[in-house]
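Below, each chain spelled out in residue letters.
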Amino acid sequence: MNSDNDNWLYEITPKRKLIDLNFMEIWRYRDLLILFVKRDIITVYKQTILGPLWYFIQPLFTSIIFTLVFNNIASIPTGNVPSFLFNLTGITAWNYFNQCLSGTSNTFTANAGIFGKVYFPRVIMPLKTVISNLFKFGIQLLILIVFYLYFIFRGYDISPNMHLFLFPVYVTMMALLGLGAGMTISALTTKYRDLTVLVGFATTLLMYVSAVPYPLAEVENKMPDWAWLVKYNPLTQIIEGFRYMILDTGVFTWTGFIYTFVISIILFLFGLIIFNRTEKNFIDTV
């Protein structure tokens, strides 16, 4: 028996660590992870008329609507930055978080069939969502770069600053926030199905409390009593930081950056704990 045990790659037991992200086991299943990522990228728009063009259409139309409503009608200023580019930058950052959150928030209910038939590290499913969304984020970032160069060519005084080196960190924080919140919601929806309806409604509200269609400074000037609600939202710090390093406008502080980084890690670890605990017996409740 001992010699057989020595040859086992891993052992499936009912007891798990409180925080268990077994990188070795995930690495062994890397081919499955890559397969799921490819499936997400290729099949989502496979039977659609416009196909991958939806990656371009959504941020462009949203930016146009925001520009018309918030900047032209509501007269919210964006400084020296063109309103359309200001909105497109915020929406590009927001979309990645939103897609990570919505894609991981139904992990257990959407994959109950495959989870009940075959074993693999369950955390692969939310991970593949975060990774596949990087592809979509890259396409939307390309759109942003194209319009960025267009407005520079038109003579607008916009340029990135030295904080651009923080770009990978901001992307990582968006992924951690979306992954942590998504895994937490996914665990809760195994018992409370109506939370799936709440997610779509809540994310829409969250976008407006994350300074996506307006500058943080505008809230602090017009609604100082409620500005803390927006300011201490970690997503606001990400959106503002994203604009600051790309457009050199907005608010950036190292205190806010560190605060957001810590919150991102805490939320991710909390989501992982809830996810691991639910993984043990979710099949009985789904």
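Refer to the structure presented above.
Fair warning: this is a prediction, and the values are worked out from it, not measured in the lab. (Residues numbered from 1 in each chain as written. Predicted model: local features only at pLDDT ≥ 70, side-chain atom pairs only at ≥ 80, totals over all residues. Heavy atoms only, no water.)

(A) A look at the overall build of the chain. Each helix and strand in the chain was counted, giving 14 helices and 0 strands. For the chain, the proportion of its 286 residues judged to be buried stands at 45%. Intrachain contacts of the chain at a sequence separation of at least 6 include 82% that bridge at least 24 residues. Accessible area for the chain stands at about 15,500 Å²; split by element, carbon and sulfur atoms hold 66% of it. (Helix = DSSP H or I, 4+ residues; strand = E, 2+ residues; numbered from the N terminus. Buried < 20%, exposed > 50% of the residue type's maximum accessible area, 1.4 Å probe, protein only. Contact = heavy atoms within 4.5 Å. Areas by Shrake-Rupley, 256 points an atom, 1.4 Å probe, with all protein chains shown as cover.)

(B) Local environment of the side chain of Thr184. Looking at the secondary structure, you find Thr184 in helix H9 (residues 167-189). Apart from residues lying up to four places away in sequence, Thr184 is in contact with Phe270, Gly271 and Ile274.

(C) Quick look at the environment of Lys128. Its location among the elements puts Lys128 in helix H8 (residues 124-153). For Lys128, a relative accessible area of 9% gives the class buried. For the pair Lys128 and Leu35, spaced 93 residues apart in sequence, the C-alpha separation works out to 9.0 Å.

(D) The arrangement of H9 in detail. A rise of 1.5 Å per residue sets the reference length of H9, with its 23 residues, at 33 Å; its end C-alpha atoms lie 33 Å apart and thus fit the reference within 8%. Of all 23 residues making up H9, 18 are buried, and the element is well covered by its neighbours. (Expected span 1.5 Å × (residues − 1).)

(E) Fine view of unusual backbone geometry. Positioned with a positive phi, Ser75 is a non-glycine residue whose angle comes to about 60 degrees. Looking at where Ser75 falls in the secondary structure, it is placed in the loop between helix H4 (53-73) and helix H5 (83-104). Of note, Ala211 is a non-glycine position whose phi angle comes to about 60 degrees, a positive value. For Ala211, the location among the structural elements is in the loop between helix H10 (195-208) and helix H11 (216-222). Assessed through its relative accessible area of 0%, Ala211 is described here as buried.

(F) Structural view of the nonpolar core. Counting residues in hydrophobic clusters, the biggest one holds 68 residues, and the most contacted among them are Leu85, Tyr96, Tyr170, Met174 and Phe242. Counting residues per element, this core draws most heavily on H9, at 12 residues. Those residues within four positions of Met174 in sequence are excluded, and the remaining contacts are Ala93, Tyr96, Phe97, Phe137 and Ile238. (Core = buried A, V, L, I, M, F, W, Y, C linked by side-chain atoms within 4.5 Å.)

(G) Structural detail: a nonpolar patch on the surface. On the surface, Met223, Trp226, Trp228, Leu229, Tyr232 and Tyr259 cluster together into a nonpolar patch covering about 680 Å² of accessible area. By the element assignment, Tyr232 lies in the loop between helix H12 (227-231) and helix H13 (234-247). Judged by its relative accessible area of 49%, Tyr232 is partly exposed. (Patch = residues over 30% accessible without salt bridge, like charges linked within 9 Å, V, L, I, M, F, W, Y side chains within 5 Å. Salt bridge = Lys/Arg side-chain N within 4 Å of Asp/Glu carboxyl O.)

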